[in-house]
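Close look at the chain arrangement
Below are the chains, spelled out letter by letter.
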Amino acid sequence: MPDRVYLDWNATTPLRPEARAAMVAAFDLVGNPSSVHDEGRKARRVMEEARTVIARGLGTAARRVVFTSGGTEANTLALVPGLKAPAGGVERLLVSAIEHASVLAGGRFAPAAVQTIPVDRSGVVDVGRLEALLAAGPPALVSVMAANNETGVLQPVSQVAEIVHRAGGLLHVDAVQAFGKIPLDINQMAADLVTVSAHKIGGPKGAGALVLGGGVEDVVPVLRGGGQERGRRAGTENLAGIAGFGAAAGAALATLAADLPRLTALHERLEAGLRQTSGLTVFSAEAARLPNTTLFTAPGLKAETAVIGFDLEGIAVSSGSACSSGKVQPSHVLEAMGVGSAAAQGAVRLSLGWSTTTAEVDRAVEAWRKLSMTLLKGRDETALERF
Ligand code: PLP
C-alpha cells in the first residue's frame, strides 16, 4: 500500500518542522509571559518574536498584532458595531456572500444589521453592488476575504478598500487562506483589520491573530479580564501555539518566492490531468485564483462518493459541500455564484501545499482517471449545468 497523499491543505496543513521545533521548545518554558521574573521574560521574548514575524509578514508593526485562538476568534473580534470609521461609528456590517461561516455569522452585530454583498458567476465580489449598498445607509464595516477557501478565488481587496473608504467605512479582510501563500501587505491592501490563522500555513490548530491596519487603533475585546495583549484579549497566552505560528509564518514567508512558481506548475499539471475527463469543469478557472486550489465537478458526479473513492485510493480530498448533522448541504459559495444544485453537489476540492510533489499530483490524476470511469459511467453529459 503506497503512502497516503494529502491534498486537503485548505482544510488544514501538516505541521512544519520549524513549527514543531519551536513548540517543543516553548513547552519547556515554565514562565507566564506576563510575569516579570526571568522565566516570564523568556516566555514573553518567544511570544514577541512570533508577533514580529507575523507583523513583518503583513508589512506592519508588532504592536498591531493581537493573538487569538484562531481565525474564527479573530473574525469575531474584528466584527463589532461601533468601531470608529471616518464617517462615524459603524452601525452595520456588509459581508460578501462567499465568506467563511465565522464571518457570515456577523460577529457581534445583530442579525438585522448584517447585509450580504453578492458575487458574480466567477465568485468575485460585485463591487458595483457594494458601492450601492454603501451609498444606501449609515457607515459600514465591510468584510471581504482575500482568497476563498473553496474556489481559491482572489478578491479585488485594494479596489474594495478604496470604495469602502470613499464611503467613510472600514474594511476587514479575512486573509486566512491567503497569508503565507501569496504576498500580502496590509498597507497595500489598505485593510483596516486582517485575520490570519496558524494551521493553514503549517502552524498548529488553535492559534491565529487579528492584525490592525491604518484605520483602526483598537479593538473591542471579546474576552475581558487580565490585561494580556494590551487589554485586547484577556487570558494567558497559548505560548506554544503562538511560537509555532511564528515559526510557521517565518518558514512560509521565507520560501514563498520559491514555492509560488513550483506550486503554480503543479496546479497547472493537476488541472491539465483532470481535464482529460470530458465535460469536467474547474470552478472559477477564468478568475485569478490561489495557485493551490482546484474545485471541480463532472457530469453526474456525487461529491461524497468521489471523496470516499479518492480516500480508498489513498488520497485525502474534500467536497465543496458542507456536511452538517449527516445531511449534505450544497456549498453556500457555489450557491452564491449561481451554480445549480446538481453541479454544486458534485464539487470536489483538491488543495496543494509546500511539500506536495509531482508524483503526488500524478497519483491524484491517476486516481481520478480510475474513479471517473466507474463514477461517471453511463452518465448523461448534458446533465451538467454550464457556467
Ligand atoms: N476564514 C477562512 C477563510 C477559513 O478558511 C477558515 C478555516 O477554515 C477560517 C476563517 C477559520 O479559521 P480557524 O480554523 O483558525 O478558526
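Residues numbered from 1 in each chain as written. Predicted model: local features only at pLDDT ≥ 70, side-chain atom pairs only at ≥ 80, totals over all residues. Heavy atoms only, no water.

**Structural notes on the pattern of salt bridges**
Definition in use: Each reported salt bridge corresponds to a side-chain nitrogen of Lys or Arg within 4 Å of a carboxyl oxygen of Asp or Glu. Put simply, DSSP H or I for four residues or longer makes a helix, DSSP E for two residues or longer makes a strand, and each gets a number counted from the N terminus. Each residue's exposure class comes from its accessible area (1.4 Å probe, protein chains only) as a fraction of the maximum for that residue type: buried when under 20%, exposed when over 50%, partly exposed otherwise.
Across all of its chains, the model carries 16 salt bridges by this definition. Taking the shortest distance from any N to any O, the salt bridge between Glu131 and Arg166 comes out at 3.3 Å. Placement of the pair is Glu131 in helix α5 (residues 127-135) and Arg166 in helix α6 (residues 157-166), with a sequence separation of 35 residues. By relative accessible area, Glu131 is classed as partly exposed at 36%.

**A word on the domain arrangement of the chain**
Buried accessible area, meaning the area lost when the parts come together, often serves as the stated size of an interface. Formally: Domain boundaries shown here were taken from an automatic or database domain assignment. When checking whether two residues touch, look at their non-hydrogen atoms; a contact exists if any pair is within 4.5 Å. Counted as a polar contact is a pair of N or O atoms within 3.5 Å, where, for protein atoms, one must be capable of donating a hydrogen and the other of accepting one, and residues adjacent in sequence contribute only when both atoms are in side chains. We call Asp, Glu, Lys and Arg charged. Ala, Val, Leu, Ile, Met, Phe, Trp, Tyr, Cys and Pro are nonpolar, and the rest, Gly among them, are polar.
Considered domain by domain, the chain is made up of domain 1 (5-14 + 257-386) and domain 2 (17-254). Each of domain 1 and domain 2 was reduced to a C-alpha centroid, and the two centroids are 28 Å apart. Counting residues at the interface gives 26 residues for domain 1 and 29 residues for domain 2. Between domain 1 and domain 2 we count zero salt bridges in total. Remark: the boundary between domain 1 and domain 2 carries 16 residue pairs in polar contact (both at pLDDT 80 or more). Put simply, the parts of the chain that give the side of domain 1 that touches domain 2 at least two residues each are β12 (293-297) and α10 (332-336). Broken down by element, the side of domain 1 that touches domain 2 gets its largest block of residues, three residues, from α10. Among the residues forming the side of domain 1 that touches domain 2, the class breakdown is twelve nonpolar, ten polar and four charged.

**Some remarks on the nonpolar core**
The following threshold applies: Among buried residues, the Ala, Val, Leu, Ile, Met, Phe, Trp, Tyr and Cys ones that are joined through side-chain atoms within 4.5 Å form a nonpolar core.
Val142, Val194, Val196 and Phe245 are the most contacted members of the largest nonpolar core, which totals 53 residues. In contact with Phe245, other than residues within four places in its own chain, are Ile54, Phe67, Phe179, Val196, Ser197, Ala198, Ile201, Pro204, Ala207, Gly208 and Ala209. Ranked by size, the runner-up nonpolar core spans 28 residues in total, among them Leu280, Val348, Leu352 and Leu375.

**Thoughts on the packing of aromatic side chains**
Operational definition: Only Phe, Tyr and Trp rings take part, Trp by its six-membered ring, and two of them pair if their centres are within 6.5 Å. Stacked means planes under 30 degrees apart, edge-to-face means over 60, and tilted covers everything else.
For the structure shown, the criterion picks out five aromatic pairs. Aromatic pair Trp9 and Trp354: ring centres 4.6 Å apart, planes at 80 degrees, arrangement edge-to-face. Of this pair, Trp9 sits in the loop between β1 (5-6) and α1 (17-27) while Trp354 sits in the loop between β17 (348-351) and α12 (358-375), and the two are 345 residues apart along the sequence. On the basis of relative accessible area, Trp9 is assigned to the buried category, the value being 4%. Taking the centre distance of 6.3 Å and the plane angle of 15 degrees together, the rings of Phe310 and Trp368 count as stacked. Linking Phe310 in helix α9 (residues 303-312) with Trp368 in helix α12, this pair joins segments that are 58 residues apart in sequence. You'll find Phe310 and Trp368 in the same group, each marked buried. An aromatic cluster is defined as three or more aromatic residues linked by ring pairs; in this entry it consists of Tyr6, Trp9 and Trp354.

**Structural notes on the sheet that holds β12**
Put simply, the rule is: Whether two strands pair depends on DSSP finding at least two bridges between them. The angle between two axes is taken between their N-to-C directions and runs from 0 to 180 degrees, where each axis is a line fitted to C-alpha atoms and a helix contributes only its stretch in contact.
The strand order β11-β12-β17-β14 describes an open sheet built from four strands, whose pairing is antiparallel. The two strands at the open ends of the sheet, each matched to only one other strand, are β11 (281-282) and β14 (318-319). Direction of pairing for β12 relative to β17: antiparallel, over a ladder of four bridges. The partner of Thr293 across the bridge, within β17, is Ser351. Across the sheet, helix α8 (residues 239-274) is in contact with β11, β12 and β17; its angle to β12 comes to roughly 10 degrees.

**Observations concerning empty space enclosed by the protein**
Filter applied, for reference: We place a 1 Å grid over just the protein atoms. Points where a 1.4 Å probe fits but has no way out form a cavity, open points with protein on both sides within 12 Å along at least 5 of 7 lines form a pocket, and any residue with an atom within 4 Å of a point lines it. Grid points are joined across faces, edges and corners, and a volume is the space filled by probe spheres set on the points.
Counted according to the given criterion, the structure contains one cavity of 30 Å³ or more. Taken as a whole, the largest cavity encloses approximately 170 Å³ of empty space. Lining the largest cavity are 16 residues, and of these Arg16, Gly180, Lys181, Leu263 and Trp354 sit closest to its centre. Tallied by class, residues from the lining of the largest cavity come to seven nonpolar, five polar and four charged. Formed jointly, the lining of the largest cavity draws a minimum of three residues from each of two domains, domain 1 (5-14 + 257-386) and domain 2 (17-254).

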